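The residues making up each chain are set out below.
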Amino acid sequence: MKRIWKRLRFVIKIRRFFPFLIEFFRSQEVSMLKKTLVILLLASYAAFPFDIIPDWLGLFGVIDDVAVLLFILQQIVKMVPSRLKNKYGL
């Protein structure tokens, strides 16, 4: 139950990711390798629109897209220095 609540809070905080991502890419503390990895993850997600659940199934088709996006965002949060995590409350 605790894990589900943690993921729900993560979804609610998604609005904080836009300024967070801007600072992530501008930060000198984040290595170029990590920035490149994030770009590759986001580009591959956008370039390969293969779905586990087809989008024509309505809400169910969107769920897998949201899950993949949240997975990528969680990986980004794991890569950043603690200063950025604390600044954005992640």
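Residues numbered from 1 in each chain as written. Predicted model: local features only at pLDDT ≥ 70, side-chain atom pairs only at ≥ 80, totals over all residues. Heavy atoms only, no water.

Side note on the overall build of the chain
Definition in use: Secondary structure elements are taken from DSSP: a helix is a run of H or I of four residues or more, a strand is a run of E of two residues or more, and numbering for both begins at the N terminus. Here the term buried applies to any residue with accessible area under 20% of the maximum for its type, exposed to any over 50%, and partly exposed to those in between, with areas from a 1.4 Å probe on protein chains only. Residue burial considers only the protein chains on display, and all accessible areas are found by Shrake-Rupley using a 1.4 Å probe.
A count of helical and extended segments in the chain gives five helices and zero strands. What you see in the chain, going N to C, is helices and strands ordered as α-α-α-α-α. Burial analysis of the chain (90 residues in total) assigns 23% to the buried set. Carbon and sulfur atoms make up 71% of the accessible area of the chain, which totals about 6,800 Å².

Things to note about the pattern of salt bridges
The cut-off we apply is this: What makes a salt bridge here is a side-chain nitrogen of Lys or Arg within 4 Å of a carboxyl oxygen of Asp or Glu, nothing more.
Under the counting rule described, the total for this entry stands at three salt bridges. A salt bridge links Glu23 to Lys87, with the shortest nitrogen-to-oxygen separation between them at 2.9 Å. Of this pair, Glu23 sits in helix α2 (residues 17–26) while Lys87 is found in helix α5 (residues 82–88), placing the two residues 64 residues apart along the sequence. A salt bridge links Glu29 to Arg83; the nearest nitrogen and oxygen atoms lie 2.6 Å apart. Taken together, the residues Glu29 in the loop between α2 and α3 (32–47) and Arg83 in helix α5 connect sequence positions 54 residues apart. A relative accessible area of 45% places Glu29 in the partly exposed class. What you see here is one network of salt bridges that share partners, running through Glu23, Glu29, Arg83 and Lys87.

Here we look at the nonpolar core
In plain terms, the rule: In plain words, nonpolar cores are sets of buried Ala, Val, Leu, Ile, Met, Phe, Trp, Tyr and Cys residues tied together by side-chain atoms within 4.5 Å. Contact criterion: two residues are considered in contact whenever any of their non-hydrogen atoms come within 4.5 Å of each other.
The biggest cluster of nonpolar side chains holds 14 residues, and the ones touching the most others in it are Phe20, Phe24, Ile76 and Leu84. The dominant element in this core, judged by the number of residues it contributes, is helix α4 (residues 59–79), at five residues. If near-sequence neighbours (up to four positions away) are discounted, Phe20 is found in contact with Ile76, Val77, Val80, Leu84, Tyr88 and Leu90.

Focus on the packing of aromatic side chains
In plain terms, the rule: Pairing of aromatic rings covers Phe, Tyr and Trp, the last counted by its six-membered ring, and requires centre-to-centre distances within 6.5 Å; plane angles under 30 degrees mean stacked, over 60 mean edge-to-face, and any other angle means tilted.
Enumeration over the complete set of coordinates arrives at two aromatic pairs. Summarising the aromatic geometry, the rings of Phe24 and Phe25 are spaced 5.1 Å apart at their centres and angled 85° between planes, so their arrangement reads as edge-to-face. Look at Phe24 and you get buried, because its relative accessible area is 0%. Following the ring pairs from residue to residue traces out a cluster consisting of Phe20, Phe24 and Phe25.

Focus on the confidence of the model for the chain
Heads up, the rule is: For every residue, the predictor assigns a confidence score, pLDDT, that lies between 0 and 100.
For the chain, the average pLDDT comes to 77, and 72% of its residues sit at 70 or higher. Helix α1 (residues 2–12) is the least confidently modelled element of the chain, averaging 65 in pLDDT, while α3 averages 85, the highest of any element.

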